[in-house]
Amino acid sequence: MIRRRSTPWIHRWSRPLIAAIAGCGALTTGYLTIEKLTGGSAACVAQAGVKGCNDVLSSPWATVFGQPLALFGFLAYTSMVIFALAPLVLRSGDNNSRQQLENWTWLLLLAGAIAMSVFSGYLMYLLAFQIKALCPYCIGSALFSLSLLVLTIIGRTWEDIGQILFTAIIVGMVTLIGTLGVYASVNQSGVTPGATPGQPVKVFFNPTVPPNPAFGWEITTTSGEAEIALARHLTKIGAKEYVAYWCPHCHEQKLLFGKEAYQEITNNNVKVECAPDGLKAQPEQCKAAKIEGFPTWIINGKSYSGVQSLEELAQASGYTGSRNFKYFK
């Protein structure tokens, strides 16, 4: 008498597990998509001196083809849920049709998991070496993608191991080439040429002429409604920015606000000039505030040294308005 080989538990539960993990990924990316489209701020515990989730969401890499990257992640995770559950839900039809659906959805799950893992790996590289931020949502999404790949491989009996390797090589190469092509327009050295309207632009400053004691260097960026609203909010709560006209980092801060918004900061005495030979200099105030470097922000009694992203200033000041900021440091 020949005993029928029992089905391993992982094979019985692989599809529900894949659907559950992909569902968590869909909820996460769906939430980030809503926050990005509405100009909101993702719930994220900020650490002093460390960029966080909202810096990532406002970066040039967070927008693809004019749409939030999280939206594409949501669509990918939703597709994985459908592929995982389709054979469990659609049980009608003959055995041959059901087996074909089973086989095809496994191939789609494998291809999807490989593509998502490769793309997530590239995003982890950007997170660590380009944006230099700590984003639990991004790390969680990468772990979801990797888990989906592992479950897809061990969740069934693959008769042809070569099929897995061939699929991994082809899908991985296509995904990597496509990813590099999509982000080719993002200039790592400082600007985003030909940026899609609504896509944040990374700014940098490399002075080629001496600063003017009256205003430093000319502000070449323009403000949006969000930048102006934040500048007015900082004025309202009594925030102070201590600067020196000859400081390049101070000018980088100005570029993040844009000309119109920074005019609000200048006209409403948020900016305090610390250089003795600067226009309307107030070195005694800087000395009293124990300023050691420029720029330094003092917001609600707390000191923030160095160039701050507008997301960081918004969070530190309790700003609740639109966060569709145009520029990224």
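Before any of the text, the structure's been laid out above.
Structure report, in brief. (Residues numbered from 1 in each chain as written. Predicted model: local features only at pLDDT ≥ 70, side-chain atom pairs only at ≥ 80, totals over all residues. Heavy atoms only, no water.)

1. A word on the nonpolar core
So, step 1. Leu 230, Phe 257 and Trp 297 are the most contacted members of the largest nonpolar core, which has 31 residues in total.
So, step 2. Counting residues per element, the ones that place at least two in this core are α7 (225–236), α8 (248–257), α9 (259–267), β6 (296–299) and α11 (310–317).
So, step 3. The residues contacting Leu 230, other than those within four sequence positions of it, are Phe 257, Leu 310, Leu 313, Ala 314, Ser 317, Tyr 319 and Phe 325.
So, step 4. Within the second largest apolar cluster, 21 residues are counted, among which are Ile 18, Ala 22, Ala 84 and Trp 158. (Core = buried A, V, L, I, M, F, W, Y, C linked by side-chain atoms within 4.5 Å. Buried < 20%, exposed > 50% of the residue type's maximum accessible area, 1.4 Å probe, protein only. Helix = DSSP H or I, 4+ residues; strand = E, 2+ residues; numbered from the N terminus. Contact = heavy atoms within 4.5 Å.)

2. Structural notes on the pattern of salt bridges
Opposite charge on two side chains allows them to pair when their charged atoms are near.
So, step 1. Here the structure, examined in full by the defined rule, presents 3 salt bridges.
So, step 2. With its nearest N and O atoms 3.5 Å apart, the salt bridge here joins Glu 102 to Arg 15. Here the residue Glu 102 occupies a position in helix α4 (residues 95–131), and Arg 15 occupies one in helix α1 (residues 9–38), the gap between them amounting to 87 residues.
So, step 3. Among the ionic pairs, Glu 264 bridges to Arg 232, the shortest N-O distance being 3.2 Å. Taken together, the residues Glu 264 in helix α9 and Arg 232 in helix α7 connect sequence positions 32 residues apart. (Salt bridge = Lys/Arg side-chain N within 4 Å of Asp/Glu carboxyl O.)

3. With respect to the environment of Glu 264
So, step 1. Separated by 33 residues in the primary sequence, Glu 264 and Ala 231 have C-alpha atoms spaced 6.2 Å apart.
So, step 2. Here Glu 264 is in contact with Ala 231, Arg 232 and Thr 235, once residues within four sequence places are set aside.

4. What about empty space enclosed by the protein?
So, step 1. On inspection of all chains with the given rule, the structure shows 1 cavity of 30 Å³ or more.
So, step 2. Lining the largest cavity we find Asp 55, Ser 58, Leu 256, Ser 309, Leu 310, Glu 311, Phe 325, Tyr 327, Phe 328 and Lys 329.
So, step 3. If you list the elements that add at least two residues to the lining of the largest cavity, you get α11 and β8 (327–328).
So, step 4. The residue inventory of the lining of the largest cavity, partitioned by class, reads 5 nonpolar, 2 polar and 3 charged. (1 Å grid on protein atoms, 1.4 Å probe; cavity = no way out; pocket = protein on both sides within 12 Å on 5 of 7 lines; lining within 4 Å. Points joined across faces, edges and corners; volume = space filled by probe spheres on them. Nonpolar A, V, L, I, M, F, W, Y, C, P; charged D, E, K, R; others polar.)

5. With respect to the pairing of strand β7 (residues 302–305)
So, step 1. In terms of strand pairing, β6 meets β7 through 4 bridges, oriented antiparallel. Considered in β7, the bridge of Ile 298 is made with Ser 303.
So, step 2. Here β6 folds back onto β7 in antiparallel fashion, the turn holding 2 residues, of which Asn 300 has a positive phi close to 50°. (Pairing = 2+ DSSP bridges.)

6. Some words on the layout of surface pockets
So, step 1. What the largest pocket holds in volume is close to 870 Å³.
So, step 2. At the level of elements, α1, α2 (53–57), α3 (69–89), α4, α5 (136–154) and α6 (161–182) are the ones that each hand at least two residues to the lining of the largest pocket.
So, step 3. Considering every element that reaches the lining of the largest pocket, the biggest residue donor is α4, with 12 residues.
So, step 4. Per-class residue counts for the lining of the largest pocket are 29 nonpolar, 11 polar and 1 charged.

7. Some details on the sheet that holds strand β5 (residues 271–273)
So, step 1. Across the sheet, 4 strands lie side by side as β5-β4-β6-β7; this open sheet has mixed pairing. Of all strands in the sheet, those bounded by a partner on one side alone are β5 and β7. Neighbour-to-neighbour, the strand axes of the sheet open up by a mean angle of 25°, direction not taken into account.
So, step 2. The sheet contact formed by strand β4 (residues 240–243) and β5 spans 3 bridges and is parallel. Bridged to Val 243 within β5 is Glu 273. (Axes fitted to C-alpha atoms, helices over the stretch in contact; angles between N-to-C directions.)

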